[in-house]
Amino acid sequence: MRPLKTVSDDRSIPLLTNRQCRLFLVGVNVVFGGIFIGLSTINEGEADGRSWAFALLAALGVAELLLNLRHSFAFSEGRYPPGWRWTFAAMVVIFAVPLWWSPFQWTLSGNYLVASAWLLLPRWLAVVTTVSAAAATIGVYYAHYNEALWASGGWLGVVLYELYVLVVLVTGSGALFWSARLARAVHELSSARAALAEVAVQGERQRILRDLHDLLGQSLSAVSLKGDLALRLLSRDPAAAREELDGLVAVARTALRDSRNVSREAQRVSLRSEIDGAVALLTAAGIHADVHVSAARVSRQAEELFAWAVREGTTNMLRHSEARRCWLRIERRTTTVRLEIVNDGARPGAANGSGLAGLDERARAAAGSVQSGLIGGGQFLLAVEAPGGDL
């Protein structure tokens, strides 16, 4: 199994930072709204002939831009800005007041108002605001420039110019709104990546802990067992004691190798080798193992699950029982394959432990199930079922 790849892999698509999202929103607001504000203030100042008109419209235009930016920043981060009702009301006033004198393109500042309405208000109220701004735009142009438009192009000129104003209002406000939506999607994707990375890290940590427990539990039990045997044999049979010590060293080296590998990849285990190892270990501990396997061909996933179950069952038997005999059965049922490990020396509380919890996680990942507990007569049962697909 290849090493875990997290969402921070070098080949993953980089996301914009919060600062970059804000710079993006500033750019869009300036391009799709500031240009029209600038044109309206310049043209109105020239038409009115008074410098105060130019300065006033410029100040109002900048105020609308800044207010919409404030709303966009907050929306992109999934929140409402403080006092947003008051700032939106201020935008309505800023949009409406200059309409009382003859604006040339001021109505296009409605881009900001409509965009903020969709960022802040309920859908129905945003629709009302959009329709009102569009009606005000068309009405003001018709009221102030009706005669000039009729004189220059007739009714067709009036219709085309009103459509032009309406299209510019819709596209401008749409660009402002969807840019904020895009920035919000980037924030949500960034949060989702961070959450997925945390889940991946936690999952890998749990896997390492489970593998360490399952791999080292039996190895340490074997080390303890062989050490005890070597001590008992040392005085009367040094050759046999040396043999047990050699076995102890081999088990310790295997455990060291497994502990080094467990952090790099998921461990693969063989059912046949686990059964053989369990029989040898139980026999050395004075426990007679009766093995019967009637379902020799099972899926790879079921084989690995059963191999871990044999390892866990053997470890628990050595640690938590006073067994003299155990039975291991693997048999095929209608739609599943079932492994049972029974021993005759169960102690109270033998069903508890993190090893069985880890085995249950492995079983659920393989669409299987685990049962364990006392079954009477001082016997303890560990049963694992998995889907019965053939190799």
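In what follows, the structure referred to is the one given above.
These remarks concern the structure in this document. The structure displayed is predicted, hence computed values, not measured ones. The residue count restarts for each chain, going from 1 along the sequence in the order it is written. Residues qualify for local features only when their pLDDT is at least 70, as the model is predicted, and side-chain atom pairs are given and counted only at 80 or more; totals for whole chains, interfaces and linings, by contrast, use all residues. Based on all heavy atoms of the structure, the side-chain values leave hydrogens and waters out of the count.

Each helix is a run of DSSP H or I of at least 4 residues and each strand a run of E of at least 2, with the numbering of both proceeding from the N terminus. From N to C terminus, the protein includes nine helices and five strands. Its helices and strands taken in sequence order, the protein reads α-α-α-α-α-α-α-β-α-β-β-α-β-β from the N to the C terminus. Only protein chains enter the accessibility calculation, which uses a 1.4 Å probe; a residue is then buried when its area is under 20% of its type maximum, exposed when over 50%, and partly exposed in between. A buried classification covers 42% of the 391 residues belonging to the protein. The protein chains shown are the only cover counted for residues, whose accessible areas, like all others here, come from Shrake-Rupley with a 1.4 Å probe. Working note: accessible area of the protein is about 20,800 Å², and carbon and sulfur atoms make up 62% of it.

Below, the discussion takes up the nonpolar core. In this structure, F306, V310, I330, L339 and L359 are the most contacted members of the largest nonpolar core, which totals 33 residues. Those elements that provide at least two residues to this core are α7 (271–284), α8 (300–320), β2 (325–332), β3 (336–343), α9 (354–365) and β5 (379–387). In terms of residue count, α8 provides more of this core than any other element does, eight residues in total. Contacts between residues were defined by any pair of non-hydrogen atoms, one from each residue, lying within 4.5 Å. Other than its neighbours up to four places away in sequence, F306 contacts L271, I330, V337, R338, L339, V384 and A386. Nonpolar core, defined: a set of buried Ala, Val, Leu, Ile, Met, Phe, Trp, Tyr and Cys residues in which side-chain atoms within 4.5 Å join the residues together. Counting residues in each nonpolar core, the second largest holds 29 residues, with I94, A115, L120 and V140 among its members.

Turning our eyes to something else, we now look at the packing of α7 against α8. Every angle, taken between N-to-C directions, lies between 0 and 180 degrees, and every axis is a line fitted to C-alpha atoms, over only the stretch in contact when it is a helix. The N-to-C vectors of α7 and α8 enclose an angle of 15°; their axes lie 8 Å apart at closest approach. On the basis of the axis angle, α7 is roughly parallel to α8. Judged by the twist between their axes, the crossing of α7 over α8 is left-handed. Across from L271, E274, I275, A278, L281 and L282 in α7, the residues of α8 making contact are E303, F306, A307, V310, R311, T314, M317 and L318. Working definition: roughly parallel below 35 degrees, roughly antiparallel above 145 degrees, roughly perpendicular at 65 to 115 degrees, and oblique for all remaining angles. Working rule for handedness: look at the near helix, and if it is turned counterclockwise from the far one by less than a right angle, call the crossing left-handed; if clockwise, right-handed.

So, on to unusual backbone geometry. Residue A367 is not a glycine yet carries a positive backbone phi of 60°. Counting through the fold element by element, A367 comes out in the loop between α9 and β4 (369–376).

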